[in-house]
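Residue-level structure breakdown
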Amino acid sequence: MSQDPNKPKANTMWGGRFSSSPSALMEAINASIDFDKRLASQDIQGSLAHSNMLAQQGIIASSDRDAIHEGLQRVMAEIEGGGFAFSKALEDIHMNVESRLREIVGDPAARLHTARSRNDQVAVDVRLWVRDAHDRTDEQLTRLIKALLDKAEPHAATVMPGFTHLQSAQPVTFGHHLLAYVEMFGRDRGRIRDSRRRLNESPLGAGALAGTSFPVDRHMTAKALGFDGPTRNSLDSVSDRDSLIEFVSAASICAVHLSRLAEEIIIWMSAPFGFVRLPDRWTTGSSMMPQKRNPDAAELVRGKTGRIFGSLMALLTMMKGLPLTYSKDMQEDKEQLFDAADTIEIVLAAMTGMIQDLEPVPARMAAVAGAGFSTATDLADWLVRSLDIPFRDAHHITGRIVSEAETRGCGLEDLPLDAMQAVEPRIHAGILEVLGVENSVRSRVSFGGTAPSQVVQQIAWWRERV
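Residues numbered from 1 in each chain as written. Predicted model: local features only at pLDDT ≥ 70, side-chain atom pairs only at ≥ 80, totals over all residues. Heavy atoms only, no water.

1. Structural notes on a nonpolar patch on the surface
A contiguous nonpolar surface patch, about 270 Å² in accessible area, is contributed by L209, L235 and L324. You can see L235 is positioned in helix 9 (residues 234-239). (Patch = residues over 30% accessible without salt bridge, like charges linked within 9 Å, V, L, I, M, F, W, Y side chains within 5 Å. Areas by Shrake-Rupley, 256 points an atom, 1.4 Å probe, with all protein chains shown as cover. Salt bridge = Lys/Arg side-chain N within 4 Å of Asp/Glu carboxyl O. Helix = DSSP H or I, 4+ residues; strand = E, 2+ residues; numbered from the N terminus.)

2. Considering the packing of aromatic side chains
This model, assessed by the stated rule, comprises 7 aromatic pairs. Aromatic pair F273 and F275: ring centres 5.3 Å apart, planes at 80 degrees, arrangement edge-to-face. What makes F275 buried here is its relative accessible area of 0%. Ring centres of W461 and W462 lie 5.2 Å apart, and the angle between their planes is 85 degrees; this geometry places the pair in the edge-to-face category. We classify W462 as buried; its relative accessible area is 8%. Grouping aromatic residues by their ring pairs yields a cluster made of F163, F273 and F275. The aromatic ring of F338 is capped on one face by R38, whose charged end is 4.8 Å from the ring centroid. Just above the ring of W129 sits the side chain of R136; from NZ or CZ to the centre is 5.2 Å. (Phe/Tyr/Trp six-rings, centres within 6.5 Å; stacked < 30°, edge-to-face > 60°. Buried < 20%, exposed > 50% of the residue type's maximum accessible area, 1.4 Å probe, protein only. Lys NZ or Arg CZ within 6 Å of the ring centre and 35° of its normal.)

3. Focus: the side chain of D43
Positionally, D43 belongs in helix 3 (residues 40-56). For the buried D43, no salt bridge is present, and the opposite-charge side chain at shortest range is R116, 5.7 Å distant. In terms of polar contacts, D43 uses its side chain to reach the side chain of H94, at 2.7 Å. (Lys, Arg positive; Asp, Glu negative; His and termini not counted. Polar contact = N/O pair within 3.5 Å; in protein donor to acceptor, adjacent residues only side chain to side chain.)

4. Brief notes about the pattern of salt bridges
Taken as a whole and judged by the stated rule, the model has 29 salt bridges. The salt bridge involving R426 is made with E424; its shortest N-O contact spans 3.1 Å. Through salt bridges with shared partners, a single ionic network connects R74, E78, R100 and E103.

5. Some words on the confidence of the model for the chain
Scored by pLDDT, the chain has a mean of 92; 93% of the residues are at 70 or more. Scored below 50 in pLDDT, residues 7-14 makes 10 contacts in the model with residues more than four places away or belonging to other chains. (pLDDT = per-residue confidence, 0-100. Contact = heavy atoms within 4.5 Å.)

6. Notes on the side chain of T142
Note that T142 resides in helix 6 (residues 118-152). A polar contact is formed between the side chain of T142 and the backbone oxygen of D138, at a distance of 3.0 Å. If sequence neighbours within four positions are ignored, T142 has contacts with R189, R193 and V466.

7. Looking at the environment of L72
Its place among the elements puts L72 in helix 4 (residues 62-81). When the C-alpha atoms of L72 and K146 are compared, they prove to be 40 Å apart, with 74 residues separating the residues in sequence. Among residues more than four places away in sequence, those in contact with L72 are I44, S47, L48, V97 and L101.

8. Side note on empty space enclosed by the protein
In this structure the tally under the stated criterion is 2 cavities of 30 Å³ or more. The calculated volume of the largest cavity comes to roughly 40 Å³. D43, S47, H94, V97, E98, L112, R116 and Q121 are the residues that line the largest cavity. Elements represented by at least two residues in the lining of the largest cavity include exactly helix 3 and helix 5 (93-105). For the lining of the largest cavity, the element with the highest residue contribution is helix 5, accounting for 3 residues. Contributing to the lining of the second largest cavity are F163, L166, E264, I267 and W268. Examining the composition of the lining of the second largest cavity, we find that 3 residues originate from one element, helix 10 (residues 242-269), more than from any other. (1 Å grid on protein atoms, 1.4 Å probe; cavity = no way out; pocket = protein on both sides within 12 Å on 5 of 7 lines; lining within 4 Å. Points joined across faces, edges and corners; volume = space filled by probe spheres on them.)

Written as structure tokens, this is what we have:
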């Protein structure tokens, strides 16, 4: 087949997609507008604060400032309305906004970049964006914690099996189990708030890397943008991405907790367990097996954890070998940040919805809680407390009693008293008060324990803090 002589030949060095010249490849690898257009609002916020400061300091005329502000507001309206034409040739959001601003207001737009570099401009944009992401995540974690508390409260005394090694260990309550996740997500919220406090310094005014010779007021722009103050070292200001890494790190830890809870829901919904039900909006059926109800939402929460981990590793790897100050590598930070923030947002929302709609099956939980001689530890503790038997000896006696119950095919609470006395003659009827799963959980009154009285106290403590 002959080749069309009018069709440009693919450059074999650069690959078929970049058929015109190496410059096409450079434009493709260099441009960031396809993703950093998400910074439009933050970019315009920073420019409004910067131009206002320039006028206040007498660096530009007030009339230029007013024209810039009017133009920026129009640019923002065009972007929000979907009528803004983003250009890849202009590389990034900063140049796209500035170019359109110049079309609107003319020469005053050229004064906007006075005493500013794209290095400190992008640094402040991304800090503003990640600060908003912190706030959204904080709000979502608070909603999830409230949903867990609302679900835990009516089930403060609902008995379920507690596990170690996924083997029945001791009975606990469903409310107590949910409060374990309240603790985890409470720590996640604390990490998000700590991270937000650390990031809340403004890099605007650091210039390309060394500051500026213009008499700028960095405290003014920091205050206007809601920061606690300006950053204190211009080199660090333009080359630091700790706030992104810390946010995605906190999101990764939170994703671990979400994934663990999702895994529990998946296990609880399986037929061998049958501890909970989820309505159809959180599940799907099978194309072949009509009886199936698959916990797809929980599985996706579990699966999306890997995306957040991947974003964290990409950010850490990107930054690990960079000398001061700015390098173009840092352009790769935004897609990872945006994807991690989007992902943690959707999985937090999904988990909150699932918890709100989760329907426990108390009868099934109680039946499994009593299996496997789960109150054996209560029996051993009673021997120590009531008969003053050393715990190691009590442990041995309990093992023999469990063996007898196993031989008879009954639970400990159904084993005749004389059978227990045949192992240890001092045992009396008082032991019956601690056997049985309800008695077991009521007895766990140590601070933070599973006794319903303790669960109620912990729920009240958390409600005061959310």
